[in-house]
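Spelled out, the chains give:
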Amino acid sequence: MSEHAAVTMEEVRRVAELANLELTAEEEPRMQRDLNAILGHIAQLNELDTAGVPPMAQVGEILGGLVEDRGEALRQDAVRPSLDRAAVMACAPETDGRFFKVPKVIER
Amino acid sequence: MELESLTMDAARAAIASGEVTATALAELHYGRIAADDGKINSFLALSRERAMTQAAKIDGMVAKGESLPPLAGIPVGIKDVLTMKGSPATAGSLILKGYRPPYDATVVAKLEAAGAVLLGKLNCDEFAMGSSNENSAYGPVRNPRALDRVPGGSSGGSAAAVAANFAVATLGTDTGGSIRQPAAFCGVVGVLPTYGRVSRYGLIAFASSLDRVGPFAKNVKDAATVLQVIAGKDVMDATSSDQPVEDYVGGLSRPVEGLRIGVPEEYFGEGLDPEIRTAIDGAIADLKTAGCVVKPVSLPHTKYAIPTYYVIATAEASSNLSRFDGVRFGLRSEEAKTLSAMFKKTRDAGFGAEVKRRILLGTYALSAGYYDAYYRKAQQVRTLLTRDFLTAFDEVDVLVAPVTPTPAFKLGEKTDDPVQMYLADIYSVAASLAGICGVSVPCGETKDGLPIGVQVMGRHFDEATMLRVAQAVETGPSFCGRKRL
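Just so it is clear, the model here is predicted, and its values are computed rather than measured.

## Some remarks on the overall build of chain A
Of regular secondary structure, chain A possesses five helices and zero strands. Sequence-ordered secondary structure for chain A, helices as α and strands as β, is α-α-α-α-α. Within chain A, counting contacts between residues at least 6 apart in sequence, those at least 24 apart form 46% of the total.

Below, the structure is given as structure tokens:
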């Protein structure tokens, strides 16, 4: 297993903030331990020389014409019926029927 | 009626001849669920009203002598990451508790249009993240073949429901092995179709470049029948392919003689259980007997599949799961007085530990300063892993390998060590990353009676050849440890 720089507790908190997660005092050390274990395993990738290898976002790219030209054609830009608004709004925790309602946005 | 041996052909024949009604068949399955699912925990919700309405419709068609669609009256179950209009869709998470989506996933609508009777929603790891079904917020699923063991994951409920005869077939999803691995652990057939073969409209997304929908069934022919129904281009999913859908069921009767079978050496290394090795060797010997040409091949980057997967899948998950914020559906924490606090408190209360772990990892891998080292690097290795397969498929028609390094493990055995849990998918993630198709077929059992699966992997969009080889394994002479269906 190759070297990787250990994730600090401060980084765990920073990443949690970025992800809109609130970790409890018990969760933080556990997440730090797990992230370091997983990143230690991931560090194996550094054994490979990938200079000049194109990155692949999904399989369509590598198959070239097979999926890219045919499988990912966008549909026609035409007006079609969509989901019923009332049915969609009924799924929301708080709504006035037209808009989703949320707590105060401006905090200061 | 014996549910244990009830294949689709048998069910269809019984319904068409009037030996059983679709209504009675649905009731039989609901009865079995009521009797036995207390100890398995495979169903999270039953859609009885919808099922019985559909069954009555099929019975009406039989009474009028109308021609019946391919899945007429077949009781099926749906993994809870797929939407069914008006039924709960929790994805195994508290954050979607109470959500009843107002639309059907395309695959659900297609099954029903083909006559299937939709029994309900099946338990799974939260947002399909897991290899043991122990990450469900609604309790673990137990393996019907050994109740102290996991059914595999993340589609544990889908595999267990077929193994326990609660449904004739089910749908699951596979992102890194979540169909093939539970199929192997529970002794049923599970198909991972090629990326783009089956629509994902109505699938609650985990990792969009990897997620796929596929069937579980009691045998290869039934799985092929379901795949036939759900495959094809969908205008609602831009990643679905318009490659023509082949006749999978009809293709099964073609001989396998002369097909070239590749055996990837990297899938038979250290860590492979000797009993599984023996069973896979038996399956390969059967294929040889049937006239296949067996060749060793190499997929040299295999050992990098797990680390590659855990960068890409978590990066995509961190993005996909940002939609769960308490605004449009599901849970909202009522404690918070401001919007940003509401996001955090809702997500803290709604997500389980594994989901948080993966969101954190993915966010870390995508964050400023780490993107090139992790995400870009993993995408490059993904190219190498895919090239491995394309090179091998120049020489052979399919690949045959184990699905898992061990049989089903015990509940609680790996929950404290995420890396060990991730390694349960060591033989399944490479095919996921490369987008090729795969199937797990029962090929034996251990001395303790635990099922063993063999994996057949096929070229992109060549499910027909893959299923044909899978059926040859299923009906081969080596595997005598289990009652034939």
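After that view of the structure, there is still more to cover.
## A word on the overall build of chain B
Of the regular secondary structure elements, chain B holds 16 helices and eleven strands. The globule rule puts the C-alpha radius of gyration for 485 residues at 23 Å, and the 21 Å found for chain B is close to it. When its C-alpha atoms are laid out on the principal axes, chain B stretches across 65 × 55 × 45 Å. A burial count over chain B gives 62% of its 485 residues as buried. Put simply, 77% of the contacts in chain B that link residues at least 6 apart link residues at least 24 apart.

## A few points about the sheet that holds strand β6 (residues 212-217) of chain B
All names here are of chain B. A sheet is described by the order of its strands in space; here eleven strands give the open sequence β1-β3-β2-β4-β6-β5-β10-β11-β9-β7-β8, paired in mixed fashion. Two strands lie at the open edges of the sheet, namely β1 (43-46) and β8 (293-297), each paired on one side alone. On average, each strand axis in the sheet is inclined to that of its neighbour by 30 degrees, with strand direction left out of account. As paired elements, strand β4 (residues 169-174) and β6 share six bridges and run antiparallel to each other. Along β6, the bridge assignment pairs aspartate 174 with arginine 212.

## Regarding the environment of asparagine 41 of chain B
All names here are of chain B. Relative to the helices and strands, asparagine 41 resides in the loop between α2 (22-40) and β1. Classification of asparagine 41 by C-beta neighbours within 10 Å gives partly exposed; the count is 19. For the pair formed by asparagine 41 and glycine 156, sequence separation is 115 residues and the distance between their alpha carbons is 9.8 Å. Every residue in contact with asparagine 41, bar those within four places of it in the chain, is listed here: Asn123, Gly139, Pro140, Val141 and Arg142.

## Structural notes on the interface of chain B and chain A
One frequent convention defines the size of an interface as the accessible area lost when the parts assemble. Taken together, the contacts link 60 residues of chain B with 47 residues of chain A. Counting residues per element, the ones that place at least two in the side of chain B that touches chain A are α10 (305-320), α11 (339-350), α12 (353-366), α13 (371-395) and α14 (418-422) of chain B. A per-class count over the side of chain B that touches chain A returns 27 nonpolar, 19 polar and 14 charged.

## Here we look at the domain arrangement of chain B
All names here are of chain B. Split into domains, chain B comes out as domain 1 (8-257) and domain 2 (303-377). Relative placement of domain 1 and domain 2: their C-alpha centres are 28 Å apart. At the interface, 21 residues of domain 1 touch 18 residues of domain 2. A per-class count over the side of domain 1 that touches domain 2 returns eleven nonpolar, eight polar and two charged.

## Focus on the confidence of the model for chain A
All names here are of chain A. Confidence in the prediction for chain A averages 85 pLDDT; 83% of positions are at 70 or higher. Per-element averaging of pLDDT across chain A places helix α4 (residues 65-68) at the bottom with 46 and helix α1 (residues 9-18) at the top with 96. pLDDT under 50 marks residues 65-71. Its contacts with residues more than four places away, or in other chains, come to 18 contacts.

## Digging into the environment of leucine 411 of chain B
Residue and element names in this part refer to chain B. Within the secondary structure, leucine 411 is located in the loop between β9 (398-402) and α14. A sequence separation of 154 residues divides leucine 411 from glutamate 257, and the C-alpha atoms of the two residues are 42 Å apart. With near-sequence residues (within four places) excluded, leucine 411 lies in contact with Glu134, Pro140, Asp148, Arg149 and Val150.

## Digging into helix α2 (residues 27-42) of chain A
With 16 residues, α2 of chain A should cover 22 Å at 1.5 Å per step; its first-to-last C-alpha distance of 22 Å lies within 8% of that length. The complete set of buried residues in α2 of chain A reads Met31, Gln32, Asp34, Leu35, Ile38, Leu39 and Ile42 of chain A.

## Some words on helix α7 (residues 220-230) of chain B
Along an α-helix, residues three or four positions apart point the same way, because every turn accommodates 3.6 residues. All names here are of chain B. Burial analysis of α7 places eleven of its eleven residues in the buried class, which makes it a mostly covered element. For α7, every residue scored as buried is listed here: Val220, Lys221, Asp222, Ala223, Ala224, Thr225, Val226, Leu227, Gln228, Val229 and Ile230. Positioned one or two residues after α7, glycine 232 has a phi angle of 125 degrees, which is positive.

## With respect to the environment of threonine 106 of chain B
Residue and element names in this part refer to chain B. The topology assignment puts threonine 106 in helix α4 (residues 106-113). Under the C-beta neighbour-count criterion, threonine 106 is labelled buried, with 24 such atoms within 10 Å. Through-space distance from the C-alpha of threonine 106 to that of aspartate 234 is 7.7 Å; in sequence the pair is 128 residues apart.

## Focus: the pairing of strand β5 (residues 189-192) of chain B
Residues and elements named next belong to chain B. Judged by which residues are buried, β5 turns out to be covered on both faces: Val189 and Val191 on one side and Gly190 and Leu192 on the other are all buried. Two strands pair when backbone bridges link them, and β5 and β6 are joined in this way by two bridges, in the antiparallel orientation. Bridging across to β6, valine 189 finds its partner in alanine 217. Pairing between β5 and strand β10 (residues 437-445): three bridges, direction antiparallel. Bridging across to β10, glycine 190 finds its partner in serine 440.

## A closer look at the confidence of the model for chain B
Residue and element names in this part refer to chain B. Here chain B averages 96 in pLDDT, while 99% of its residues score no lower than 70. Considering only residues more than four positions removed or in separate chains, one finds that residues 481-485, a stretch of pLDDT under 50, has nine contacts. Here the predicted complex scores 0.96 on pTM and 0.90 on ipTM.

Reading the values: rules and limits
- Residues numbered from 1 in each chain as written.
- Chains lettered and ligands numbered in written order.
- Predicted model: local features only at pLDDT ≥ 70, side-chain atom pairs only at ≥ 80, totals over all residues.
- Helix = DSSP H or I, 4+ residues; strand = E, 2+ residues; numbered from the N terminus.
- Contact = placed C-beta atoms within 7 Å.
- Rg over C-alpha atoms; globule rule 2.2 N^0.38 Å.
- Buried ≥ 20, exposed ≤ 12 C-beta atoms within 10 Å, placed from the backbone.
- Pairing = 2+ DSSP bridges.
- Axes fitted to C-alpha atoms, helices over the stretch in contact; angles between N-to-C directions.
- Nonpolar A, V, L, I, M, F, W, Y, C, P; charged D, E, K, R; others polar.
- Domains from an automatic or database assignment.
- pLDDT = per-residue confidence, 0-100.
- Expected span 1.5 Å × (residues − 1).

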